[in-house]
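Descriptive structure summary
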Amino acid sequence: MIDLPAFRGRLSYDTALAPYTWFRVGGPADVLASPADEDDLAYLLSALPAEVPVTVVGVGSNIIVRDGGVRGVVIRLGGRGFGAVETAADHRVIAGAAALDASVAKAAAEAGIDGLAFLRGVPGAIGGALRMNAGAHGGETRDVLIEAQGFDRAGRRVRFDKAAMGFSYRHSQAPDDVIFTRAEFQGRPGERAEIEAEMARISAAREASQPIREKTGGSTFKNPPGGKAWQLIDAAGCRGLVVGDAQVSQMHCNFLLNRGAATAADIEALGEEVRRRVLETSGVTLEWEIKRIGYARG
Ligand SMILES: Cc1cc2nc3c(=O)[nH]c(=O)nc-3n(C[C@H](O)[C@H](O)[C@H](O)COP(=O)(O)OP(=O)(O)OC[C@H]3O[C@@H](n4cnc5c(N)ncnc54)[C@H](O)[C@@H]3O)c2cc1C
């Protein structure tokens, strides 16, 4: 048990993380903490002894939690304290880290703010978008970010402008210990009806091309420079490949699926087998985009 007398949020022990991930696999967190607000998060981080590992998760659309679970404290920011979305002067949007990307896109569209419609296509929350430089349909988080704020492992507030975020493809160089709590985005003037029509097109395109109703983690591997991961995976004969109850999607072969009873070990082993076969056939080493956290069982 950890001693946090002034903590106002929710704490639970030995708590299954699988329900908090799209893949629905993985072991428990020693402690799962949902702080009430930013002050509560700062208190939690400063009060936890420095040797206690801290991991943050968003809505789990780009992670595999390994079957042995995650040691230390896993922080999940809830919608109540961290989910607000506001529009502001000069076509800006301010969003909490727990706000769903799609909600941010919707709020921007309703206010006639263009430039954020691409977020309609990313099923994560803003904290994950900042960490992953999420992008789709010609837009990326780095195109619209003004500033991100958060807290370091010691509970000190930190701020990063776009340059300090060190964005590259599906990556930010912000220090690994930073937990983002909010972001400010710059949009541009637009027509609500046109933005909403673009969002509807994005939605339809994804329905047609991605297994978005399955237990998946989105794109498994980053596209290598000048290439497409799915084409290499297809060329290596991996479409539909199965390990345990994990399968390479038939619809989009850079997506892995939990068909129902897969373990995290099945999914990770399938991913590694795909990497091995792609290296053998194309000489390309695919890099994982999905974050794998925690320990294998046993
Ligand atoms: C069907 C499907 C389609 C997808 N399509 C796309 C796509 O088109 N484009 C795209 O970019 N991604 C896509 N993804 C991947 C995923 O949605 C994005 O990477 C998203 O940004 C992850 O957000 P999340 O809240 O789910 O983060 P999680 O998956 O929970 O975490 C991802 C990483 O972000 C970190 N993180 C989460 N919250 C915070 C925080 N508050 N502070 C600091 N770090 C944090 C975690 O520690 C972890 O390293 C797709 C996923 C699925 C399942």
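Residues numbered from 1 in each chain as written. Predicted model: local features only at pLDDT ≥ 70, side-chain atom pairs only at ≥ 80, totals over all residues. Heavy atoms only, no water.

With that settled, consider the site of the ligand. Taken together, 35 residues lie around the ligand, and Val 56, Gly 58, Ser 61, Gly 135 and Arg 206 are the ones closest in. For the ligand, an oxygen atom lies 2.7 Å from a polar atom in the backbone of Gly 58. Here a nitrogen atom of the ligand sits 2.6 Å away from a polar atom, N or O, in the main chain of Gly 135. Calculation on the ligand without its partners gives an accessible area of 970 Å², and the protein chains cover 95% of this total. The set of elements that each furnish at least two residues to the shell around the ligand consists of strand 3 (54-57), helix 4 (126-132), strand 9 (135-136), strand 13 (179-186) and strand 15 (215-219). At five residues, the largest contribution of residues to the shell around the ligand is made by helix 4. Its residues assigned to classes, the shell around the ligand shows 19 nonpolar, 12 polar and four charged. (Near = heavy atom within 4 Å. Polar contact = N/O pair within 3.5 Å; in protein donor to acceptor, adjacent residues only side chain to side chain. Areas by Shrake-Rupley, 256 points an atom, 1.4 Å probe, with all protein chains shown as cover. Helix = DSSP H or I, 4+ residues; strand = E, 2+ residues; numbered from the N terminus. Nonpolar A, V, L, I, M, F, W, Y, C, P; charged D, E, K, R; others polar.)

When cut into domains, the chain gives domain 1 (10-80), domain 2 (81-207) and domain 3 (210-293). Measuring from the centre of the C-alpha atoms in domain 2 to the corresponding centre in domain 3 gives 26 Å. Domain 2 puts six residues into the contact, and the matching count from domain 3 is eight residues. In total, domain 2 and domain 3 occlude about 770 Å² of area from one another, counting both sides; carbon and sulfur atoms represent 43% of this. Per-residue buried area on domain 2 facing domain 3 is highest for Tyr 169, Arg 206 and Glu 207; these three make up 66% of the total on that side. Across the contact surface, domain 2 and domain 3 share two salt bridges. The partner of Glu 289 in a salt bridge is Arg 170, with the nearest N and O atoms 3.9 Å apart. (Domains from an automatic or database assignment. Contact = heavy atoms within 4.5 Å. Buried area = accessible area lost by both parts, 1.4 Å probe. Salt bridge = Lys/Arg side-chain N within 4 Å of Asp/Glu carboxyl O.)

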